[in-house]
Amino acid sequence: MRVKKPDGEIVDLMTINIGPSHPATHGTLRLFAALDGETITAAVGEMGYLHRGFEKMVEQGTYQMVLPFTDRLNYCSSMMNNIGFCKAAETMFGVTLPERCVTLRVILLELSRMIDHLVCNGANLVDLGALTNFWYFFNPRERVYAIWERLCGARLTNTVTRIGGMYRDTYPGFEQDVLAAVQVIEDAVTEVMGLIERNRIFVDRTRNIGTMSAAGAISAGWTGPCLRASGVDRDLRKDEPYYGYETYEFDTVVGTTGDTYDRIMVRMYEMRESAKIVRQAVARLKPGPINCADARLSLPSRNHVYHDMEALINSFKLVYEGVRPPAGECYDALEAANGELGFLIVSDGGTNPYRIKVRPPCFTQWSAYPDMLTGAMLPDVASSLGSINIIAGELDR
Amino acid sequence: MSDAIKPGLPADQLLALLAPLGGTKDEADRWGLTVRVPREQLRAALLVLRDGESTRMDQLLDVCGIDYLSYPDWRGQRFAVSYPLKSTVFRHRLTLKVLIEEDDAVVPSAHDLFRSADWAERECWDQVGIVFADHPNLKRLLNHHEFVGHPLRKDYPCQKRQKLSINDPMIDQLAAKLTQLGYEVLEMPVASAGLALTPMHQKETQS
């Protein structure tokens, strides 16, 4: 591609496709870039290679049938999507969840945040050539997946919540397993930090690379760790607390320059903060019901169903038709590992959702990414792409 | 920037700010605050909310198209576009909503007001078929460039299949980006000239 530079020089730029099936894109993302030597003059991005039509599919079934689809949004932390969708639907019903359910969800949310950050940083470090850290991170992650498996039978696609409660209660020994896993993750973070924090190669390859200013991040609609790395201290857990997050003691982690280094470090320190929350939540976990007693949402007890006509009808209606949120439109969000995960639910009062719009956190990050590359070096593509944690499942839906 | 978030304006004050622009409360949203504005006032309303000292809604989270074709007892325009907004300064949220007719499904673009609007509007065009006037690059986003129709319209059959013959070369987009950066494109490469940095690339050069 022959171009005339702003200073009048005529150069031949090489055009190059990065992706959609490049190992460093960790998913199906495509960048199309013009290179002047090894410097990226301009780049444009494309998405949609993993588009399944989530929003069309969920209109075909009931509200409960949406849940398995949400697993496949951000598949590195499926439970956060489950909880996010259920939270939005529960907001529409206006129900209050029992204490145990809320505390359990906080534990699952924070453990999910930790494993999501483990994947993001572990894979990002592989892209930088630091393979050892990958094993240091993926072994502790496996501990959490063992807990998921014992909790609900599935490792990746959990579908662990129900609208109005949980799929089922924990197993004996759950608390000990969680505390042990958290300790193992914390140890892994310490080990990896020791390897990278002042490692010359790592610092040189991440400092002032892929920088995003605070104003740029806000206008681009960034949320979550990437926004905080740019120095904007916004976290839904603090700003619009839900599930009693205001009663837990933890800090938000904020960066200064918004470069790749900051984004990796924000995630590192956030895992330690999540560990604090999990320990507090486990200490609060008291026996009790895990489903709300609302007849619109929860199945009546078997004893009632066998002896009471109304309970039998209720059970049938819930199983065959499903739940019916009141008609209206509701946007609700929670702080997922990547940022604000929002669901806009349009209900017509029926059993099938009329329209569900997912607001995936990495959509805004990916849309701003090609512009971040202007003037960067080709090897920085992989390192900065890993640090904004694009998950194609939730990006393309 | 690391100040604690300030309490936001209550719903009635936010509504009063938008009343001069024809803003009315949308009763469908009983959980948050959704304000309907006429299409002509959309950009003015976005600016008032973004730049107002007491609102500072500097983040456009999404652009969401809704098709009311099969909504029970719906008597109104067929399409709506929702703009959920939030602030990084105050603890308040607001969703702007514009209702538009089927034969005139055009909304002014907000890509120059919020950077996040650019791709979000492309997605809305792709999925629901809302045209965003003055958008610089209103291409499909989730579906491929040979796709016909808009899948999230209620009259689009769920099982319909469409095929793709060749990938979007994206050279036009790259040339536009270079022009935007001050370069003058003298010669465009043919579509197949782009080198691919993928696992396939190695295989191709070996054979």
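Residues numbered from 1 in each chain as written. Chains lettered and ligands numbered in written order. Predicted model: local features only at pLDDT ≥ 70, side-chain atom pairs only at ≥ 80, totals over all residues. Heavy atoms only, no water.

> For this particular structure, what's the right way to read the overall build of chain B?
Along its length, chain B carries five helices and twelve strands. Taken over the C-alpha trace, chain B has a radius of gyration of 21 Å; the compact-globule value for 207 residues is 17 Å, which it surpasses by more than 25%. Along the longest, intermediate and shortest principal axes, the C-alpha atoms of chain B span 70 × 45 × 30 Å. By the burial criterion, 45% of the 207 residues in chain B qualify as buried. In chain B, the share of contacts with a sequence separation of at least 24, taken over all contacts with a separation of at least 6, comes to 51%. Total accessible area on chain B is roughly 10,300 Å²; 52% of this is exposed by carbon and sulfur atoms. (Helix = DSSP H or I, 4+ residues; strand = E, 2+ residues; numbered from the N terminus. Rg over C-alpha atoms; globule rule 2.2 N^0.38 Å. Buried < 20%, exposed > 50% of the residue type's maximum accessible area, 1.4 Å probe, protein only. Contact = heavy atoms within 4.5 Å. Areas by Shrake-Rupley, 256 points an atom, 1.4 Å probe, with all protein chains shown as cover.)

> Would you mind showing me how to read the overall build of chain A here?
Secondary structure assignment for chain A yields 16 helices and ten strands. In terms of overall size, chain A behaves like a compact globule, its C-alpha atoms giving a radius of gyration of 23 Å where 397 residues would be expected to give roughly 21 Å. Along the longest, intermediate and shortest principal axes, the C-alpha atoms of chain A span 85 × 45 × 35 Å. A separation of at least 24 residues holds for 69% of the contacts in chain A among residues at least 6 apart in sequence.

> How should the sheet that holds strand 9 (residues 339–347) of chain A be read in this particular structure?
To summarise the sheet geometry, strands pair through backbone hydrogen bonds and adopt either a parallel or an antiparallel arrangement. Residue and element names in this part refer to chain A. Reading across the sheet, the three strands line up as 8-9-10 and stay open at both edges, with antiparallel pairing between neighbours. What marks the edges here is a single partner per strand, and that holds for strand 8 (328–336) and strand 10 (355–359). Taking each pair of neighbouring strands and ignoring which way they run, the sheet shows an average axis angle of 15°. As paired strands, strand 8 and strand 9 are joined by nine bridges and run antiparallel to one another. Bridge pairing links E335 to E340 in strand 9. (Pairing = 2+ DSSP bridges. Axes fitted to C-alpha atoms, helices over the stretch in contact; angles between N-to-C directions.)

> It is not clear to me how the packing of helix 4 (residues 99–127) of chain A against helix 6 (residues 174–196) of chain A should be interpreted in this structure. Could you clarify?
For any two helices packed against each other, one specifies the crossing angle of their axes together with the interaxial distance. Residue and element names in this part refer to chain A. The interhelical angle for the contact between helix 4 and helix 6, taken along N-to-C directions, is 30°, at an axis separation of 12 Å. One finds that helix 4 runs roughly parallel with respect to helix 6. The hand of the helix 4/helix 6 crossing is left-handed. Touching L104, I107, L108, L111, M114, L118 and L125 of helix 4 are F174, V178, V182, I185, V192 and I196, all from helix 6. Residue composition of the contact of helix 4 with helix 6, grouped by class: 13 nonpolar, no polar and no charged. (Parallel < 35°, antiparallel > 145°, perpendicular 65-115°, else oblique. Left-handed = near helix turned anticlockwise from the far one by under 90°. Nonpolar A, V, L, I, M, F, W, Y, C, P; charged D, E, K, R; others polar.)

> Teacher, can you tell me more about the packing of aromatic side chains here?
How two aromatic rings sit relative to each other is set out by the distance from centre to centre and by the angle between their planes. Applying the stated criterion across every chain yields a total of 18 aromatic pairs over all chains. Note on Y242(A) and Y243(A): the rings are 5.6 Å apart at their centroids and 75° apart in plane angle, and the pair reads as edge-to-face. Given a relative accessible area of 7%, Y242(A) falls into the buried group. On the basis of an interplanar angle of 55° and a centroid distance of 6.1 Å, the ring pair of Y245(A) and Y248(A) is categorised as tilted. Taken individually, Y245(A) and Y248(A) each receive the classification buried, so the pair is uniform in this respect. Cluster of aromatic residues (ring-pair linked, three or more members): Y242(A), Y243(A), Y245(A), Y248(A) and F250(A). Taking the ring centre of Y242(A) as reference, the NZ or CZ of K87(A) above it sits at 4.7 Å. Above the plane of the ring of Y354(A) lies K154(B), whose end atom (NZ or CZ) is 3.9 Å from the centre. (Phe/Tyr/Trp six-rings, centres within 6.5 Å; stacked < 30°, edge-to-face > 60°. Lys NZ or Arg CZ within 6 Å of the ring centre and 35° of its normal.)

> Is there a simple way to explain the interface of chain B and chain A in this structure?
Interface size is often expressed as the accessible area that is lost when the parts come together. Each side of the interface is counted separately: chain B has 74 residues, and chain A has 81 residues. At the boundary of chain B with chain A, total buried surface from both sides reaches about 6,700 Å², with 60% on carbon and sulfur atoms. Counting across the interface, chain B meets chain A through eleven salt bridges. Ionic pairing is found between K86(B) and E340(A), a salt bridge with its closest N-O pair at 2.9 Å. There are 34 residue pairs in polar contact (both at pLDDT 80 or more) connecting chain B and chain A. No other element matches the six residues that helix 4 (residues 171–180) of chain B contributes to the side of chain B that touches chain A. Residue composition of the side of chain B that touches chain A, by class: 42 nonpolar, 13 polar and 19 charged. Note: strand 1 (residues 2–4) of chain A against strand 11 (residues 184–187) of chain B, three bridges, orientation antiparallel. Following the sheet pairing, K4(A) is matched in strand 11 of chain B by E184(B). (Buried area = accessible area lost by both parts, 1.4 Å probe. Salt bridge = Lys/Arg side-chain N within 4 Å of Asp/Glu carboxyl O. Polar contact = N/O pair within 3.5 Å; in protein donor to acceptor, adjacent residues only side chain to side chain.)

> In this structure, what is going on with the domain arrangement of chain B? I would like to understand it.
All names here are of chain B. One can read the domain layout of chain B as domain 1 (6–156) and domain 2 (165–207). Centre-to-centre, using C-alpha coordinates, domain 1 lies 34 Å away from domain 2. Facing the five residues of domain 1 at the interface are six residues of domain 2. Carbon and sulfur atoms supply 31% of the area that domain 1 and domain 2 bury against each other, a total of about 440 Å² over both sides. Among the residues of domain 1 in contact with domain 2, K139, H145 and E146 are the three that bury the most area, contributing 87% of the side total. For the pair domain 1 and domain 2, the interface holds one salt bridge. For the salt bridge of D172 with K139, the shortest nitrogen-to-oxygen distance reads 3.5 Å. Counting across the domain 1 and domain 2 interface gives four residue pairs in polar contact (both at pLDDT 80 or more). (Domains from an automatic or database assignment.)

> Looking at this structure, how should I read the side chain of T159(A)?
Residue and element names in this part refer to chain A. Among the secondary structure elements, T159 is positioned in the loop between helix 5 (131–152) and strand 6 (161–162). For T159, a relative accessible area of 15% gives the class buried. The residues contacting T159, other than those within four sequence positions of it, are L67, P68, D71, N82 and Y167.

> Can you help me understand unusual backbone geometry in this one?
Excluding glycine, residues mostly have negative phi values, and the peptide bonds linking residues are mostly trans. Residue and element names in this part refer to chain B. The backbone of R56 sits at a positive phi, close to 50°, despite the residue not being glycine. Take R56: it is sitting in the loop between helix 2 (42–51) and strand 4 (59–60). Phi is positive for D134, close to 70°, though the residue is something other than glycine. The exposed category is assigned to D134, whose relative accessible area is 71%.

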